[in-house]
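Single-letter residue listing:
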Amino acid sequence: MCGIFGIVSRKDINIGKIALEGIKRLEYRGYDSCGIVTQYDSKLFVKKDAGKIDVIHKKLKLDEFPNESKLALAHTRWATHGAPTKINSHPHLDCNDKIAVIHNGILENFIELREELLSKGHIFKSETDTEIIPHLIEDNLKTNGDLKIAVANAIKKCIGAYGLAICHADYPDTIIAVRRESPLIIGIEDGKTTYCASDIPAFLPYTNKCYILEDDEMAILKAGTVEFYDVNNISVPKQKEIQKIDWSIKAAEKGGYKHFMLKEIYEEPTALRQTMKISNDSLKDFAETLLSAERIYITAAGTSFYAALAGKFIITKFLGKYIQAIECSEFKIELENSLEENSIIIAISQSGETIDLIEAIRWAKESKQRVKVLSITNIVGSTITRHSDKVLITQAGPEIGVAATKTFVTQILAQSLVALEIAKLIRTESNDEIQKYYNALYSTPKVIENFLEKNIDLIKYIVRSLEKNLNFFFLARGISIATAKEGGLKLKEVACRFIEGYSAAHAKHGPISLVREGYPIIFIAPPDNTYERLIGNLMEFKSRGGKIISLVVKEDKKIADLSDITIRIPQPGDKYHTLFSPITFIPALQLLAYYAALEHNLDPDKPLNLAKTVTVH
Ligand code: F6R
């Protein structure tokens, strides 16, 4: 949700080009408009406009700025306050064009602040909340001449979420970065260049050494050095620990694939294998905490919520306790009067920054009840990790495609590993049985590899055969409802089609009225204990003329025989493999969405109106 990139360097580089490449790598965070400001000779040079970065670059030559300039801020926007127009694009400047600000987040009290500043004679050009900030800094600089103090005073007046990068025309070697609730990472090439960005991949080609800025921390970036302060005590610098990120830059590049989405689907086997290396100690810790809980909730948003729905099934199977799944935006409302003592919350988030999730767990932790939070995220040091008692980091690597794919399978895998750890601790299953579940789980990368090798033509054929059907259903029962819902979400997101994942049993209570001759229905049909009932549901649709497409295991006969088209997932149909079917079945639906997007000339990496990290309510 808005991408921020800042660079200050002493190297002989084309600063505009690096800033442009930086926001290109952050484009998945928002792509309504973009802008770059560089600074040289006590002047700011701004280029910005509405539209996607490549289009604006063609028009404005975003890599052409004064050669001498060694400082730049760059921004890619996901519009909240103010339409995606040139005027509303970042950076925003003060009245004298001396102070430039780029922002990710939302200022809640911007109307009051704007009125206060207007009454003092400030002139605003945009409709954004962000434009308040350069004017507030300008105002503060009038009373004290120190930029650092002026920024601190300005942001103390702001209520809301912000990751901010700020520069001033008269401070040739200084970027000030400050955050609250919106992520901001500082990257450093010692003695040469310092970066700030909303996400690590933005500066990963240059350095993997970084500092993760926390709420109310300020960083003063100079070329190759950085100092940190607490916004409420800016007289004394504070020490922060440097972190080394072990992601390779290759993982954040397309590497020959046409789109990140496709690349990331193909990376699922590797992501799963990496995530299998989560340490036994952390899994045991998670498992023991869940065993000690009186009440367990699982919460997340979007794809992560569907991973939670699948994971809850798998954990419950071994834990034998009910886990209540609640979408994070509804968490507080649902539990306001009923959150119980000794509850545990499992919170799942790819980015670790989803604001509704952070708010839910913060609320629960601050309540009188002694609630613990166990989180699963892909991002080390993300906000969720700071509000959690225990954390499992999935090892999917950077996910750049806006539609989550490889993180979904790793989130289910991480929960499955916890489930099997619980099985080992409570010993209701024999060691031999548990080992069979492990073997099945460990085979998931190979199953996906085999599927990807042989089924692309079939998926493309199905996409073409569905061309005329603007809406249809993925139907399933039991754990596969999670798979169906995630498949439906992928098609909505990237192919702009209203495809709904739904309970096959529940579908006869309404949705079945849509069925006409040739109406397609895709059944997700692993051979679990819902299989026979699913056949009944399938017949209800088939007998009304529905065109049945089914997703089954390799040796399936009954449902395959009843289907017009069958997609076979190359895995055994025993109970061990079937338990983990959301991991092995989802790539087929992700690919369906991907090729449907191409069929409609849509860019699957940048779905309309979406952004990858949702840091607004
Ligand atoms: C779907 C998608 C979103 C996210 C949701 C939660 O493809 O990417 O639905 O799953 O915004 O994001 P995280 O997992 O970062 O909390």
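Only a predicted model underlies this, so the values are computations on that prediction, with no experimental measurement involved.

Undergrad: Even after reading the chapter, I still don't get the packing of helix 17 (residues 480–495) against helix 21 (residues 581–599), so can you show me in this structure?
TA: Each pair of packed helices can be summarised by the angle the axes make with each other and by the distance between the axes. Orientation of helix 17 relative to helix 21, taken along the N-to-C sense of each, is 20 degrees, at an axis distance of 9 Å. With respect to each other, helix 17 and helix 21 are oriented roughly parallel. In terms of crossing hand, the pair formed by helix 17 and helix 21 is right-handed. Of the residues in helix 21, those in contact with Ser-480, Thr-483, Glu-486, Gly-487, Lys-490, Leu-491, Val-494 and Ala-495 of helix 17 are Ser-581, Pro-582, Phe-585, Ile-586, Leu-589, Gln-590, Leu-592, Ala-593, Tyr-594, Ala-596 and Ala-597.

Undergrad: Looking at this structure, I do not really get the sheet that holds strand 2 (residues 33–40). What am I missing?
TA: By definition, the strands of a sheet pair up through backbone hydrogen bonds, in either a parallel or an antiparallel sense. Strands sit in the order 3-2-4-1-10-9-11-15 across an open sheet of eight strands; the sheet is antiparallel. One side of each edge strand has no neighbouring strand; the edge strands of this open sheet are strand 3 (43–50) and strand 15 (243–244). Sheet analysis places strand 9 (residues 185–189) next to strand 11 (residues 209–212), joined by three bridges and oriented antiparallel. Residue Gly-187 lies in a different strand from strand 11, and its bridge partner there is Cys-210. Helix 2 (residues 53–60) rests against strand 2, strand 3 and strand 4 (71–77) of the sheet, and its axis sits at about 125 degrees to strand 3.

Undergrad: Looking at this model, I keep getting lost on the packing of aromatic side chains. Mind explaining?
TA: The geometry of an aromatic ring pair comes down to the distance between the two centres and the angle between the two planes. Across all of its chains, the model carries 16 aromatic pairs by this definition. Taking the centre distance of 4.9 Å and the plane angle of 55 degrees together, the rings of Tyr-211 and Phe-228 count as tilted. Of the two residues, Tyr-211 sits in strand 11 while Phe-228 sits in strand 13 (residues 225–230), which places them 17 residues apart along the sequence. Of the two residues, Tyr-211 and Phe-228, neither departs from the other in class, the shared state being buried. Ring pairing ties together the aromatic residues Phe-5, Tyr-195, Phe-203 and Tyr-206, which thus form one cluster.

Undergrad: Sorry, what's going on with the sheet that holds strand 19 (residues 372–377) here?
TA: In spatial order, the strands read 17-16-18-19-20; together these five strands make up an open sheet with parallel pairing. Both edges of this open sheet fall to strand 17 (323–327) and strand 20 (390–393), since each of them pairs with a single strand only. Adjacent strand axes in the sheet meet at a mean angle of 20 degrees, parallel and antiparallel pairs treated alike. Where strand 16 (residues 295–300) lies against strand 17, five bridges are found, and the strand directions are parallel. The residue bridging Ile-296 from the neighbouring strand is Ile-323, located in strand 17.

Undergrad: Could you clarify how one ought to interpret unusual backbone geometry in this entry?
TA: Excluding glycine, a negative phi dihedral is what most residues carry, and trans is how most peptide bonds are arranged. In the segment running from His-90 into Pro-91, the intervening peptide bond is cis, with an omega of 5 degrees. Of note, Pro-91 is situated in the loop between strand 4 and strand 5 (92–93).

Undergrad: Sorry if this is basic, but what is going on with the packing of helix 13 (residues 406–426) against helix 21 here?
TA: Relative orientation of the contacting elements helix 13 and helix 21 amounts to 170 degrees, with a least axis distance of 9 Å. If you check the angle between helix 13 and helix 21, you find them roughly antiparallel. Residues Phe-408, Val-409, Ile-412, Leu-413 and Ser-416 of helix 13 pack against Pro-582, Ile-583 and Ile-586 of helix 21. Classifying every residue of the contact of helix 13 with helix 21 by side-chain character gives seven nonpolar, one polar and no charged.

Reading the values: the criteria
Here the residue index of a chain counts from 1 through its sequence in written order. Totals for whole chains, interfaces and linings use all residues, but because this is a predicted model, local features are given only for residues with pLDDT of at least 70 and pairs of side-chain atoms are given and counted only at 80 or more. The side-chain quantities take in all heavy atoms of the structure and omit both hydrogens and water. Lines fitted to C-alpha atoms define the axes, with helix axes restricted to the stretch in contact, and inter-axis angles between N-to-C directions lie between 0 and 180 degrees. By definition, any uninterrupted DSSP run of H or I lasting at least four residues is a helix, any uninterrupted run of E lasting at least two residues is a strand, and each is numbered from the N terminus. Any angle that falls under 35 degrees is termed roughly parallel, while one over 145 is termed roughly antiparallel, one within 65 to 115 roughly perpendicular, and all others oblique. Working rule for handedness: look at the near helix, and if it is turned counterclockwise from the far one by less than a right angle, call the crossing left-handed; if clockwise, right-handed. Only heavy atoms matter for contacts: two residues are in contact if any of them lie within 4.5 Å across the pair. Any two strands with at least two DSSP bridges between them are considered paired. Centres within 6.5 Å are what make two rings of Phe, Tyr or Trp a pair, Trp counting through its six-membered ring; a difference in plane orientation under 30 degrees is then read as stacked, over 60 as edge-to-face, and the rest as tilted. Burial classes: relative accessible area under 20% of the type maximum marks a residue as buried, over 50% as exposed, and values in between as partly exposed (1.4 Å probe, protein chains only). Any residue that is not Ala, Val, Leu, Ile, Met, Phe, Trp, Tyr, Cys, Pro, Asp, Glu, Lys or Arg is counted as polar, Gly included; the first ten are nonpolar and the last four charged.

In short, the description is geometric, and any link to function would need to be established separately.
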